[in-house]
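Analysis of the macromolecular model
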Amino acid sequence: MARECMTLAELFRRNGVAPETLPHAPPSPPDSLVRARITQTPLQPCAACGDDSSHILVRDFGDGPRWVDLCWEHRWATVEPSPGMPTTLEGILADVREVAAELGLELHPISPEEFQEMAHRARERRGQP
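What follows deals with the overall build of the protein chain. Counting secondary structure elements, the protein chain contains five helices and two strands. Overall, the protein chain shows an N-to-C arrangement of helices and strands of α-α-β-β-α-α-α. Seen through its C-alpha atoms, the protein chain measures out along the principal axes to roughly 45 × 40 × 25 Å. By residue count, 27% of the 129 residues in the protein chain fall in the buried class. Of all intrachain contacts in the protein chain linking residues separated by at least 6 positions in sequence, the fraction that spans at least 24 positions is 57%. Across the protein chain, 13 positive and 20 negative side-chain charges occur, with their mean positions spaced 5 Å apart.

Let us look at the confidence of the model for the protein chain. Low pLDDT means the predicted atomic positions in that stretch should not be read closely. Model confidence for the protein chain is summarised by a mean pLDDT of 88, while 95% of its residues fall at 70 or above. Element-level mean pLDDT values for the protein chain span from 86 in helix α4 (residues 89-102) up to 96 in strand β2 (residues 65-70).

Another aspect to go through is the side chain of arginine 66. Among the secondary structure elements, arginine 66 is positioned in strand β2. By relative accessible area, arginine 66 is classed as buried at 5%. In this structure the side chain of arginine 66 is engaged in a polar contact, spanning 2.4 Å, whose partner is the backbone oxygen of leucine 22. Leaving out residues up to four positions away in the same chain, arginine 66 has contacts with Pro19, Glu20, Thr21, Leu22, Pro23, His24, Ala25, Leu57, Val58, Arg59 and Phe61.

A surface patch of nonpolar side chains, about 310 Å² in accessible area, is lined by Val99, Leu103 and Leu105. Mapped onto the secondary structure, leucine 103 falls in the loop between α4 and α5 (112-125).

Within helix α1 (residues 8-15), burial applies to Leu8, Leu11 and Phe12. The buried residues of α1 occupy an angular sector of 95 degrees when projected down its axis, which confines them to one face. Away from its buried face, by an angle of more than 90 degrees, α1 presents the exposed residues Ala9 and Arg13. Elements that come into contact with the buried residues of α1 comprise β1 (55-60), β2 and α3 (72-77).

Here arginine 97 lies in helix α4. Among the residues examined, arginine 97 registers a relative accessible area of 44% and is labelled partly exposed. Along the sequence, arginine 97 and proline 86 sit 11 residues apart, while their C-alpha atoms lie 13 Å from each other. Every residue in contact with arginine 97, bar those within four places of it in the chain, is listed here: Leu107 and Pro109.

Conventions adopted
Residue positions are given per chain, counting from 1 as you read along its sequence in written order. Per-residue local features of the predicted model are confined to residues with pLDDT of at least 70, and side-chain atom pairs are confined, for both listing and counting, to 80 or more; whole-chain, interface and lining totals are unaffected and use all residues. As a rule here, side-chain values cover all heavy atoms of the structure and leave hydrogens and water aside. Only DSSP runs of H or I covering at least 4 residues are called helices, and only runs of E covering at least 2 are called strands; the numbering of each starts at the N terminus. Here the term buried applies to any residue with accessible area under 20% of the maximum for its type, exposed to any over 50%, and partly exposed to those in between, with areas from a 1.4 Å probe on protein chains only. For this analysis, residues touch if any pair of their heavy atoms sits within 4.5 Å. Only four residue types enter the charge count, namely Lys and Arg as positive and Asp and Glu as negative; His and the chain termini do not. Note on charges: their place is set at NZ of Lys, CZ of Arg, CG of Asp or CD of Glu. The predictor reports its confidence for every residue as pLDDT, a score running from 0 up to 100. Under the rule applied, a polar contact is a pair of N or O atoms within 3.5 Å (in protein, one hydrogen donor and one hydrogen acceptor; residues adjacent in sequence only if both atoms are side-chain atoms). Each patch groups residues whose relative accessible area exceeds 30% and which form no salt bridge, using 9 Å between like charges and 5 Å between nonpolar side chains of Val, Leu, Ile, Met, Phe, Trp and Tyr. Shrake-Rupley sampling with a 1.4 Å probe provides the accessible areas, and residues are treated as covered by the protein chains on show and by no other component. We count a salt bridge whenever a side-chain nitrogen from Lys or Arg sits within 4 Å of a carboxyl oxygen from Asp or Glu. Working definition: the arc comes from the directions between the helix axis and the C-beta atoms, pointing outward to the latter.

And the structure:
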């Protein structure tokens, strides 16, 4: 199953997002600020669809840096594969399994839903709903 790839500009165009409406971000925010934003409750909505975000980018669209909060699906849709990189989930997992086997590791991939549940449990451990 090949994933659909697009640029942020295409994602925003398809979803009617005006980059100037995204919240301002500090230039080159420290990792601690990014982690605080991605784990705060409630989660930031995806800039494209409004679902809970799981990825945060900072991009300058010409008027200063902006937070770009994206759900799992929209973040992966905007990641450009490296030359020679597989573009199907099956191909990516095959490459990762090969490397894991060479290192003597066992691979346990998780679904986006499991990722969200792990994030929810982490927030609960910190006393956040």
